[in-house]
Amino acid sequence: MHPETSAAPPQGHALLRILAQCPRRHLVLALAASLAAAAAGIGMVASANEMLVGGHDPRWLTMGFAAAALLGLAGRIGGGLLFARLGEGVLLDLRRTLAARVAGAEFARVERLGAARVQSVMTDDAARVADFLVAFPNIVMNATIVAGCLAYLAWTSLAAFGLALATILGGSAVFSLGHARALKEFDRAGSAQDELFSHFDGLFSGAKELKLNRERQDAFLRLSLERSIEEVRAHRLRGLRIYVVGAGIALFLVHALIGVLTFGTVAATGSIVVFLYLMMPLDALLNNLPNAQQARVSMGRIDRLMAAVAAPEPVLARSPATGFRELRLDHVRHRYFRDSEDGVFTLGPIDLTFRPGEVVILIGGNGSGKTTLAKVLTGLYQPDSGAILLDGVPVTELDRDRLRRLFSAVFSDFHLFPTLDGLSGPGASLDAEANALIAKLELAHKVSVTGGVLSTRALSQGQRKRLALVVAYLEDRPFYLFDEWAADQDPLFREVFYRRLLPELRARGKAVLAISHDDRYFDVADRCVKLENGRLVAAEIERPSRAHA
Ligand SMILES: Nc1ncnc2c1ncn2[C@@H]1O[C@H](COP(=O)(O)OP(=O)(O)OP(=O)(O)O)[C@@H](O)[C@H]1O
């Protein structure tokens, strides 16, 4: 079974779980306010009805009506405000928890999940859940008014109540016919939306390609994007249609009931007034139903995603990055997960040793496994077999974080964050240190750091890579990993990188693994290792002048 689907989402009704996300005290208060507003509504209809029927002191009834109206006002506003706050709070919590879980989950799992699904759930589904809570006081109020009116009916006319009950049961039967189908459609709309988000990403990431080729752009908009948009629309519409038809039939049944009561003279005027009053909350309740059901489906999707990233990687107590004497890959293998066995890439078995003060260059053709090896070495991927030994001790799942703390890495698809948050050094000295490094990497005329914030990221790819190197320097860890770092540099700076920066790192006692195609500079390395189709092919070429014991 695929790991993303193996974790079981929590059981229980999704709408109840949405409510369970709210702080108990606030929820009780908000519910109480909404119930008070509903009780006030029932009080108003009861006093108006008693007034019409006659037999009670009109002054008391008037005062009762006024008091109920005021209570209704307070309850409505109070409940509305509290539920709006709860809704926004739940939205914040869901996004915060999901972001923390994605950040804490295993890297390979996050890679497989993909950004589109996470973004789709974090934006659309989380918002639907919050919207449900914002609308919840209306649901509570209207449901209570309907229930209260029915109780009042039972008290005034059992015959009318019996007919109303039969109508409700009939209406519910109509609803349940399409309900499961509607939920399925909403769920399909959610999956289609995940794909739509990946197309949205293509719209930006692929903007250059699309702009340069009009036909391709048209085809992308018409086929990929349009198809996804249409699919979301179609599924959602099919679900909504079921509720619209259901609500129409349910209201028609109530109308028929009013007709029977009025023209069949089954009930007194009082019961008819109650029914007429009941129409509005019932209508509102039925209108809220599709949103509530979409929130239910969204909560299910959130649950599934939460479950997929539920197990955080175990992290031992955080300790500062310390040095190492030797890092050894012992018969390490890694395979990418695929549903089928066809074309699965296998890295290894790899036997390699790294030591401080040593520059190793890793070479190999495209797709030979260099980046994969880098990800295994840095602890981003777990070896499927074999072991990574840190100073002779096998790195277990528990201390993989310790392994990662050895590395400062610039991968070829690096991300440049707008701030230096999380990098050590109190504000001013961090700025000074960063600006000195920026000057060293010949970027001072382009970018600076103030208060830990980069003045710009609108730079050329080569310049952005130099900034990524600044960040790696600021991390100042014992092992530097560069994945084709120099590929985007001009010949002059390429020379600086290989002839000055790498030897400097070696002189500072750092271990360096540089993935490279620059055969002009292989002589800089203490050793060159070569990968071919996932295996080390050449024996390690040790340069005697710099060999380590
Ligand atoms: N995320 C992934 N999921 C599944 N297979 C992958 C994934 N990334 C890479 N591969 C497979 O692993 C093989 C090695 O990829 P890798 O990126 O390690 O190669 P590389 O040597 O760094 O290539 P290049 O020089 O082009 O950067 C590829 O041929 C590809 O089939």
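Residues numbered from 1 in each chain as written. Predicted model: local features only at pLDDT ≥ 70, side-chain atom pairs only at ≥ 80, totals over all residues.

Per an unreviewed UniProt entry, the protein chain carries the name ABC transporter ATP-binding/permease protein YojI and comes from Methylorubrum suomiense. In its Sequence similarities (unreviewed entry) section, UniProt records this for the protein chain: "Belongs to the ABC transporter superfamily." As its UniProt record puts it under Subcellular location (unreviewed entry), the protein chain is described as follows: "Cell membrane". (UniProt positions renumbered as here; feature names shortened; annotations may be inferred.)

**Student:** An account of the site of the ligand is needed here, citing residue identities and associated values.
**Tutor:** Close to the ligand lie Glu-111, Tyr-336, Phe-345, Gly-364, Asn-366, Gly-367, Ser-368, Gly-369, Lys-370, Thr-371 and Thr-372. The greatest single-element share of the shell around the ligand, amounting to three residues, is contributed by helix H11 (residues 370–377). For the shell around the ligand, the class distribution of residues is two nonpolar, seven polar and two charged. (Near = placed C-beta within 6 Å. Helix = DSSP H or I, 4+ residues; strand = E, 2+ residues; numbered from the N terminus. Nonpolar A, V, L, I, M, F, W, Y, C, P; charged D, E, K, R; others polar.)

**Student:** An account of the nonpolar core is needed here, citing residue identities and associated values.
**Tutor:** Residues Val-90, Val-129, Leu-133, Cys-149 and Val-274 are the most contacted members of the largest nonpolar core, which totals 67 residues. If you tally residues by element for this core, the top one is helix H6 (residues 115–156), at 17 residues. If near-sequence neighbours (up to four positions away) are discounted, Leu-133 is found in contact with Ile-18, Phe-83, Leu-86, Gly-87 and Val-90. (Core = buried A, V, L, I, M, F, W, Y, C linked by C-beta atoms within 7 Å. Buried ≥ 20, exposed ≤ 12 C-beta atoms within 10 Å, placed from the backbone. Contact = placed C-beta atoms within 7 Å.)

**Student:** For the domain arrangement of the protein chain, give the residues involved together with the corresponding values.
**Tutor:** For the protein chain, the assigned domains read domain 1 (13–308) and domain 2 (327–416 + 457–546). Here the C-alpha centre of domain 2 lies 53 Å away from the C-alpha centre of domain 1. (Domains from an automatic or database assignment.)

**Student:** Break down the environment of Arg-188 for me, with residues and values.
**Tutor:** Tracing the backbone through its elements, the reader meets Arg-188 in helix H7 (residues 158–205). Judged by C-beta crowding, with 18 C-beta atoms within 10 Å, Arg-188 ranks as partly exposed. Sequence separation between Arg-188 and Val-297 is 109 residues; the distance between their C-alpha atoms is 9.8 Å.

**Student:** Hey, could you go over the sheet that holds strand E5 (residues 393–394) for me, with residue numbers and the actual values?
**Tutor:** If you walk across this open sheet you meet the four strands as E2-E1-E4-E5, and the pairing is antiparallel. The open sheet has two edge strands with one neighbour each: strand E2 (346–354) and E5. Note that strand E4 (residues 385–390) and E5 share two bridges and pair antiparallel. Opposite Leu-390, over in E5, you have Val-393 as the bridge partner. (Pairing = 2+ DSSP bridges.)

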